[in-house]
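# Descriptive structure summary
So the chains spell out like this:
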Amino acid sequence: MWFVSGCKQSSFALPWRTLLAYLVALNLLCPGSAKLRVVALNFPVTATVGQDVVLHCHLSPCKDARSLDIRWIQHRSSGLVHHYQNGEDLEQMEEYKGRTELLRDGLSDGNLYLHITAVSSSDSGSYMCTVQDDGGYVEAMVNLQVSDPFSHIVHPWKVALAVVLTLLFASFVIIVFLHRMQAAQTKNLKIKDAVLEELPVILVKKIEEFEKENSQLKKQVAELVEQIEEFEKENSQLKEHYMKMVLSAADLKKQVAELEEKVFLQEALSAAILEIKIENQPHFPKLLSNVNSKYKKHCFFMVALIPPAQSLPPSAFREDAIEDNSIKDRSICSL
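Criteria and thresholds
- Residues numbered from 1 in each chain as written.
- Predicted model: local features only at pLDDT ≥ 70, side-chain atom pairs only at ≥ 80, totals over all residues.
- Heavy atoms only, no water.
- Pairing = 2+ DSSP bridges.
- Helix = DSSP H or I, 4+ residues; strand = E, 2+ residues; numbered from the N terminus.
- pLDDT = per-residue confidence, 0-100.
- Contact = heavy atoms within 4.5 Å.
- Core = buried A, V, L, I, M, F, W, Y, C linked by side-chain atoms within 4.5 Å.
- Buried < 20%, exposed > 50% of the residue type's maximum accessible area, 1.4 Å probe, protein only.
- Salt bridge = Lys/Arg side-chain N within 4 Å of Asp/Glu carboxyl O.
- Axes fitted to C-alpha atoms, helices over the stretch in contact; angles between N-to-C directions.

So, on to the sheet that holds strand β7 (residues 88-89). In space, the 6 strands of this open sheet follow the order β2-β11-β10-β5-β6-β7, with mixed pairing throughout. A single partner strand is all that each edge strand has here, and the edge strands are β2 (45-48) and β7.

Structural data, given as structure tokens:
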């Protein structure tokens, strides 16, 4: 429950639990005293972040404050929260610009109410309400407590515990990571050791295979050398055969030339004999027609060298001899 308080006010804007203390403070005032005082509540004003609050102070005895110099000062920083003088608002702190207002409706009755909008946690603290007139300088203190429902009170031991737990968790993670790395390295080392143990056996097998291949290559080289030697022998034999063939060809040419000479002589002789036979036998003109014309010249040439027919023996003119010679001459002339 809230009530409105101040000079010439019939209701209060205070919690009912603090009503008794406020009434006691009012009873202590002397209505007939001429000394001016500023009266404030002796309990803090509470608010939540984002709400609007009103800080309460009033003059005692009640007096018109519209012509007075009224200042609200933040006790922590000694900065001017609001400054009012002769009906005008003057300089103030940067963070309170546009957020404060001195309620003018109650100034004539001596009420010095300061309205603050959208309070924040930084607004918490004590505020001094000061009034200065011709008679002197008076002040009063008002406490403001702003709570943030979304903020939590953090105890140092909780922070320390959280730090310790975080360090322990990080240490555990690092230990697990290092253990896994060590296990992986150990496994890799075991694999490498196994490979190194098998490596000599593999090398021995490779050397044996290499020796086998080397022996096979040596055999192939020996076979190639033998084949080359055989090829050289065959080549030398072919050269000998070639030389023999060349010599035999030369001999054949000589023999052919000799045969041609002999044939030529035989043909010439045969032609001469035919001429002689033609002179002595009447049926030889038929045979003479079968003799090649080029051999006739040789025959006539040989006839000139042969003696006349009277010197030939009678056996040369026998019919069977003439027939045999004519057949030979015919075969010779056909060449």
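So, next bit.
Per-chain confidence: the protein chain averages 76 in pLDDT, with 70% of residues scoring 70 or above. Below a pLDDT of 50 lies the segment residues 10-14, which in the model reaches 21 contacts outside its immediate sequence neighbourhood of four places, other chains included. Low pLDDT (under 50) marks residues 314-335, which in the prediction has 29 contacts with non-local residues, meaning those over four places away or in another chain.

Moving on, we get to the nonpolar core. Of all hydrophobic cores here, the largest spans 30 residues; its most connected members are Val38, Leu55, Ile70, Trp72 and Leu112. For this core, the elements supplying multiple residues, two or more each, are β2, β3 (53-55), β4 (57-60), β5 (69-74), β6 (79-85), β9 (114-116), β10 (125-133) and β11 (136-147). No other element matches the 5 residues that β11 contributes to this core.

This part is about the pattern of salt bridges. If charged atoms from side chains of opposite charge come close, those side chains can pair. Under the defined criterion, the tally for this structure stands at 5 salt bridges. One salt bridge in this structure joins Lys97 and Glu94, with 3.2 Å as the shortest N-O distance. Look at Lys97 and you get partly exposed, because its relative accessible area is 48%. Between Arg99 and Asp123 there is a salt bridge, with the nearest N and O atoms lying 2.5 Å from each other. One end of the pair, Arg99, is in the loop between β7 and β8 (100-102); the other, Asp123, is in the loop between β9 and β10, and 24 residues separate them in sequence. Comparing Arg99 with Asp123, the two get one shared label, buried.

The subject of this paragraph is the sheet that holds β9. The strand order across the open sheet built from 3 strands is β3-β9-β8, with neighbouring strands paired in antiparallel fashion. Strands at the two margins of the open sheet, each flanked by one partner only, are β3 and β8. Strand after strand, the sheet turns through a mean of 25° between neighbouring axes, direction not considered. Of the strand pairs in this sheet, β3 and β9 are connected by 3 bridges, and their pairing is antiparallel. In the sheet register, Val53 faces β9, and the bridge partner there is Ile116.

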